[in-house]
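Architecture at a glance
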Amino acid sequence: MPFSSLGLPIFITKGLPAHDYEKPFPIQEQAIPAILEGRDLLGIAQTGSGKTASYVLPILSNLIGNMDPDSRHVNVLVLVPTRELAGQVADVFRSFSTNLPESVRTVSVFGGVSINPQMKSIRGVNVLVATPGRLIELESKNAVHLSTISTLVLDEADKMLNLGFKDEMTQIFNLLPKKRQNLLFSATLSDDVSAVNQLLLDNPVVVKIEGEKENLSLIKQVAYNVTEERKGPLLRYIIKNNNFKQVLVFTSSVFQADNVVDKLKSNGIEARAIHSKKSQGSRRESLIAFKQGKVNVLVSTDLLARGIDIENMPCVINYELPRSPKDYIHRIGRTGRAETPGDAISLITEEDKHHFRVIQKKMKRWVDMIESDGIDLHNY
Ligand code: AMP
């Protein structure tokens, strides 16, 4: 099904090829027509499903022709749990807002930074992407009025509730006009999310996109038995021999991430680390260089990788195993997306063996083990 048959206006569809959006992902097929019609929606979907564009495209379509040019009030409010997601969602709104018949301004606001520049930047904004705490602060300082919101989006609602934003969210809902469109996206349907769903949504269209477990069939998993000393050379052997152009490597610590990057670089492989000790700017820059193919390998820790848009990897390598099976599935779930097969490779030492068996049991899949003893790593 092409994008054009979902009811999106031509000013939106004509921009999609430039983003390499050839055809809609399943969540987009189901969500876009419903949102265009003004329906409320409950989307159970993970990052990587294409959920952001599933609401950004119809929201932008609905905004054009319906914004009051004299009003300085916000039309669309997107609540998100983290600063990282706020930046990403705002970027998606902005990237699809170029070449629209009317200008749509999007701003993101989040805590942990000075409030004053944000107070200035949100004047005259159409789409506001916010973390709940900072939004309350801005509202209490009269920097923003929420009484004209026509569409509310809760993105990663489960995470927002897990992070303890429940009270702030309720406070915000009370500031919104009664008549509005509500879109709720969550990776899981926990009791808390169900409660918010019942409170907010009016006869919603429900879209459920199967998560990572179901996608595991597209992932080719292998593991190498290796000693600690031979891990570095083996990693370089795997990358070079498979001619992998885009690899996401996971380590369990920031220190190890930097170490792996140093070794890769000194062996002629372009690599960057994107862990929590790197500045936001540096991470963003690395991510762009990676997406443009200037850097072949990104090395990350679990904590950071959760928040960033590095989906659809052709290859994920576990330099070290994560502690929980859930994290393992989450890591390898970054490959094998969007109906494209991917490789997930784990380097397993003697000490990891028991833990790796636990992971496989939880995952209900057995991974082929390759003995690396016989591989000549002298030149790596
Ligand atoms: P999300 O789940 O919103 O984080 O999106 C995951 C990734 O898929 C992002 O990099 C999007 O740019 C990309 N994406 C979303 N929809 C499409 C599409 N229809 N075609 C190609 N890429 C897409």
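Residues numbered from 1 in each chain as written. Predicted model: local features only at pLDDT ≥ 70, side-chain atom pairs only at ≥ 80, totals over all residues. Heavy atoms only, no water.

**Brief notes about the environment of E371**
By the element assignment, E371 lies in strand β14 (residues 368-371). Along the sequence, E371 and R323 sit 48 residues apart, while their C-alpha atoms lie 23 Å from each other. In this structure the side chain of E371 is engaged in a polar contact, spanning 2.7 Å, whose partner is the side chain of N225. (Helix = DSSP H or I, 4+ residues; strand = E, 2+ residues; numbered from the N terminus. Polar contact = N/O pair within 3.5 Å; in protein donor to acceptor, adjacent residues only side chain to side chain.)

**Some thoughts on the pattern of salt bridges**
Between side chains of opposite charge, pairing is possible as soon as their charged atoms come close. Following the criterion strictly, the structure yields 10 salt bridges and no others. Where K51 meets E156, a salt bridge forms, and the shortest distance between an N and an O atom there is 3.9 Å. With K51 in helix α3 (residues 51-63) and E156 in the loop between β5 (151-154) and α7 (157-162), the pair connects residues that are 105 residues apart, well separated along the chain. Across the pair, exposure class does not vary: K51 and E156 are buried alike. (Salt bridge = Lys/Arg side-chain N within 4 Å of Asp/Glu carboxyl O. Buried < 20%, exposed > 50% of the residue type's maximum accessible area, 1.4 Å probe, protein only.)

**Structural notes on the packing of aromatic side chains**
In total, this model carries 6 aromatic pairs according to the counting rule given. Both rings, one in Y55 and one in F93, keep their centres 6.3 Å apart while their planes meet at 50°; by these two values the pair is tilted. Of the two residues, Y55 is situated in helix α3 and F93 in helix α4 (residues 83-95); the sequence distance between them amounts to 38 residues. Residue classification places Y55 among the buried positions, given a relative accessible area of 0%. Residues Y237 and Y380 carry aromatic rings whose centres are separated by 5.3 Å and whose planes lie at 85° to one another, so their mutual orientation is edge-to-face. Of this pair, Y237 sits in helix α11 (residues 231-241) while Y380 sits in the segment after β14, and the two are 143 residues apart along the sequence. For Y237, a relative accessible area of 21% gives the class partly exposed. (Phe/Tyr/Trp six-rings, centres within 6.5 Å; stacked < 30°, edge-to-face > 60°.)

**Quick notes on the sheet that holds strand β10 (residues 271-273)**
Strand pairing in a sheet is mediated by backbone hydrogen bonds. Such pairs are either parallel or antiparallel. The strand order across the open sheet built from 7 strands is β10-β11-β9-β12-β13-β8-β14, with neighbouring strands paired in parallel fashion. Only two strands of the sheet have a single neighbouring strand rather than two, namely β10 and β14. Taking the axes of each pair of neighbouring strands and ignoring which way they run, one obtains an average angle of 20° across the sheet. Where β10 meets strand β11 (residues 297-300), 3 bridges bridge the pair, whose relative direction is parallel. Across the sheet, residue A271 finds its bridge partner in β11, namely V297. (Pairing = 2+ DSSP bridges. Axes fitted to C-alpha atoms, helices over the stretch in contact; angles between N-to-C directions.)

**A short note on the domain arrangement of the protein**
As far as domains go, the protein holds domain 1 (3-208) and domain 2 (219-371). The C-alpha centroid of domain 2 is placed 32 Å from the C-alpha centroid of domain 1. (Domains from an automatic or database assignment.)

**Notes on the site of the ligand**
In the neighbourhood of the ligand, 14 residues make up the surrounding shell, with Y21, Q28, G48, G50 and T52 lying closest. Between the ligand and Y21 there is a distance of 2.8 Å, counted from an oxygen atom to a side-chain nitrogen or oxygen. Burial of the ligand by the protein chains amounts to 81% of its free accessible area of 500 Å². (Near = heavy atom within 4 Å. Areas by Shrake-Rupley, 256 points an atom, 1.4 Å probe, with all protein chains shown as cover.)

**Some details on helix α12 (residues 254-266)**
Between its terminal C-alpha atoms α12 stretches 19 Å, which fits the 18 Å expected from 13 residues at 1.5 Å a residue. Where α12 is concerned, the buried positions are Q256, A257, V260, V261 and L264. Relative to the axis of α12, the buried residues are bounded by an arc of 135° and lie together on one face. In α12, the exposed positions that point more than 90 degrees away from the buried face belong to F255 and S266. Against α11, β10 and β11 lie the buried residues of α12. Just downstream of α12, G268 is the residue with a positive phi angle, here 80°. (Expected span 1.5 Å × (residues − 1). Arc of directions from axis to C-beta. Contact = heavy atoms within 4.5 Å.)

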